[in-house]
Amino acid sequence: MGFLVTTLIFVVVGIISSLCVRICCNRGPSANLLHLTLVITATMCCWMMWAIVYLAQMNPLIVPILNETE
């Protein structure tokens, strides 16, 4: 549930950011395309970083070694 909810939050933030860039930085078709590309790329990179960290915690590769003397 947490993965899907946070993914939807990233989608909503990306859409809102894209709309804000479209409204606030309207300088022509090529500049708008560049701005939208940068916003979408930044949102995807942030989501991928979060997803990798989140999923890495579900099944860690390094398992702690327990001492039986303690």
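Note that the structure is predicted; figures quoted are calculated from it, not measured.

Draft legend 1. Main features of the state of the cysteines. Using the criterion set out here, one finds 0 disulfides in the structure. Between cysteine 20, a free cysteine, and cysteine 24, which holds the nearest cysteine sulfur, the sulfur-to-sulfur gap is 5.6 Å. No disulfide involves cysteine 25; its nearest neighbouring cysteine sulfur is the one of cysteine 24, lying 6.0 Å away. Residue cysteine 25 is classed as partly exposed on the basis of its relative accessible area of 26%.

Draft legend 2. Main features of the packing of aromatic side chains. Applying the stated criterion across every chain yields a total of 5 aromatic pairs. Each ring, one from phenylalanine 3 and one from tryptophan 50, has its centre 5.5 Å from the other, and the planes form 25°; the classification is stacked. Residue phenylalanine 3 is located in helix α1 (residues 2-24), and its partner tryptophan 50 is located in helix α2 (residues 29-56); the two are separated by 47 residues in the primary sequence. Using a relative accessible area of 25% as the deciding quantity, one classes phenylalanine 3 as partly exposed. These aromatic residues form a ring-pair network of at least three members: Phe3, Phe10, Trp47, Trp50 and Tyr54.

Draft legend 3. Examining the packing of α1 against α2 more closely. At their nearest, the axes of α1 and α2 sit 10 Å apart, and the two run at 165° to each other. If you check the angle between α1 and α2, you find them roughly antiparallel. Helix-helix and strand crossings are classified by hand; for α1 and α2 the assignment is right-handed. Contact residues: α1 offers Gly2, Phe3, Thr6, Thr7, Phe10, Gly14, Ser17, Ser18, Val21 and Arg22, while α2 offers Asn32, His35, Leu36, Val39, Ile40, Thr43, Cys46, Trp47, Trp50, Ala51, Tyr54 and Leu55. Grouping the amino acids of the contact of α1 with α2 by side-chain chemistry returns 12 nonpolar, 9 polar and 1 charged.

Rules of the game
- Residues numbered from 1 in each chain as written.
- Predicted model: local features only at pLDDT ≥ 70, side-chain atom pairs only at ≥ 80, totals over all residues.
- Heavy atoms only, no water.
- Disulfide = S-S within 2.5 Å.
- Buried < 20%, exposed > 50% of the residue type's maximum accessible area, 1.4 Å probe, protein only.
- Phe/Tyr/Trp six-rings, centres within 6.5 Å; stacked < 30°, edge-to-face > 60°.
- Helix = DSSP H or I, 4+ residues; strand = E, 2+ residues; numbered from the N terminus.
- Axes fitted to C-alpha atoms, helices over the stretch in contact; angles between N-to-C directions.
- Parallel < 35°, antiparallel > 145°, perpendicular 65-115°, else oblique.
- Left-handed = near helix turned anticlockwise from the far one by under 90°.
- Contact = heavy atoms within 4.5 Å.
- Nonpolar A, V, L, I, M, F, W, Y, C, P; charged D, E, K, R; others polar.

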